[in-house]
Amino acid sequence: MLRGFTSEYLSEDGIDFLKSEYKYSCIDKSPISKYIMQPFWNWAIKLVPRSVAPNMLTFIGFLCAIVYPCLVAVQDPSYRSLPAPSWMSIVGGICVFMYQLLDNLDGRQARRKPKDWNLLTEDDKRAMKVTSLGSPAGQCMDHSMDALSCNFVMVGVALALGAPPVQIIVIMFTTVVSFAVCNWEEYHTHSLYLGFINGPTEGLLLVSIIEIYSGIAGVDFFYNTVFGYKLVDILIYFLAVGSLLTSVVSIVNVYKYYKTAISFNTYTTFWSAFPSIFQTVSFPLFGSIFVIIQHNIFENGNIYENTALFCLAMAIPVSLAICDMIVCRVSGQYIPRASLLHYFNFIAYFIFIALQAFGFSVAKHTFAFLVGLVVFNLFMLVHFVVYVLKIMTRALNINVLTLTNDQKAFAAQF
């Protein structure tokens, strides 16, 4: 059966793997993270009640990430009548900072231990880990929310800079590709690697500063020229090139891994693993090729009249594909090469372009076309998330956004 409405999302072997074998690993080389942010996050976690589920922090952080682009979209779906009101930019910058904060607190909340942890016996520690607040489902939810959040965050910074629609799409394309490749790297190397300068730390801090400064000084500041170039152009393409360089580093890390490591699932070499990268990056490629054709061949300006809708139509399937990859990671399953989502989006784009090529006047229906894509992709995303979380919560005996009675008892020991 075609992957999309089947139990293949999470097999029985996958459930056994995430219950007994999965372990999370993260390497963070950022000096700003180590010497500035981590001490702050370690202090901030003490303010969070122990009865709050880590996934609840994840979800609240996701809501913070989408605030700014959604506020602007309500005012102008085309993202053309910039600048947005100053208060929106300031609120957006604060919300991005809160998103970063909560994204780092959820893991700390899951790993919190009783003060007398070192005095416990090994048997007591093992018993407590069974009812602790952390789980593979938590990582799935965390990374899945991040997959969707990163799209909104980068669209938000482009709006704060006063970037035109084409640059908004460029920065979104490079961001989703970078995030997808980063998760692809984690799948194959079994560890999330964050370099000396990385998106979750320096990137989000920069976005927060830009949005707050845009609200205070005004977007006109970013239209000043530096060496003959507008500051907005320099910043947009700096972020875009930085994202693509991050993708190159991730690919190199996977190549180095397979030179020395044993095989994982069906992959034995780098070249056998490399095609799996297209499971996620194919969606932004579809969307970008579609925009290029609409702009340069058919001169369809309607695509820029619905910039927010197009960004959403591209963000949702990418997020779902990354979610699928993360589930495969925590359950030890191989990455599927294609799904119903891939075929539907490719065929939809192809039919729209083909109708234009044969002379049909479909450009005026661009809004309806994008709405159809968003509705179908959103349905598939919701179906995937509900189905997978339902299986995981049953298998691990946990709740999604609240604590179970055993977890409440564990939290009460602090």
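What counts, and where the lines are drawn
- Residues numbered from 1 in each chain as written.
- Predicted model: local features only at pLDDT ≥ 70, side-chain atom pairs only at ≥ 80, totals over all residues.
- Heavy atoms only, no water.
- Helix = DSSP H or I, 4+ residues; strand = E, 2+ residues; numbered from the N terminus.
- Expected span 1.5 Å × (residues − 1).
- Bend = angle between axes of the 7 residues up to and from the residue.
- Buried < 20%, exposed > 50% of the residue type's maximum accessible area, 1.4 Å probe, protein only.
- 1 Å grid on protein atoms, 1.4 Å probe; cavity = no way out; pocket = protein on both sides within 12 Å on 5 of 7 lines; lining within 4 Å.
- Points joined across faces, edges and corners; volume = space filled by probe spheres on them.
- Nonpolar A, V, L, I, M, F, W, Y, C, P; charged D, E, K, R; others polar.

### Side note on helix α2 (residues 31–44)
Okay, step 1: Spanning 14 residues, α2 covers 19 Å between terminal C-alpha atoms, matching the ideal 20 Å at 1.5 Å per step.
Okay, step 2: Remark: the principal bend of α2, roughly 45°, maps to Met 37, with a proline, Pro 39, within the next four residues.
Okay, step 3: The complete set of buried residues in α2 reads Ser 33, Met 37, Trp 41 and Ala 44.

### Some points on unusual backbone geometry
Okay, step 1: Phi is positive for His 190, close to 70°, though the residue is something other than glycine.
Okay, step 2: Even without a glycine there, the phi angle at Phe 227 is positive, about 55°.
Okay, step 3: Here Phe 227 shows up in the loop between β3 (225–226) and β4 (229–230).
Okay, step 4: Judged by relative accessible area, which is 78%, Phe 227 ranks as exposed.

### Re the layout of surface pockets
Left-over empty space is what a probe sized like a water molecule reveals as it rolls over the atoms.
Okay, step 1: Computed from the structure, the second largest pocket encloses a volume of approximately 400 Å³.
Okay, step 2: In this structure, the second largest pocket is lined by 20 residues; those nearest its centre are Met 141, Ser 144, Met 145, Val 385 and Leu 389.
Okay, step 3: For the lining of the second largest pocket, the secondary-structure elements that each account for two or more residues are α3 (54–75), α6 (136–160), α13 (307–331) and α15 (366–396).
Okay, step 4: Ranked by residue count, the leading element in the lining of the second largest pocket is α15, at eight residues.
Okay, step 5: Of the residues that constitute the lining of the second largest pocket, the class distribution is 18 nonpolar, two polar and no charged.

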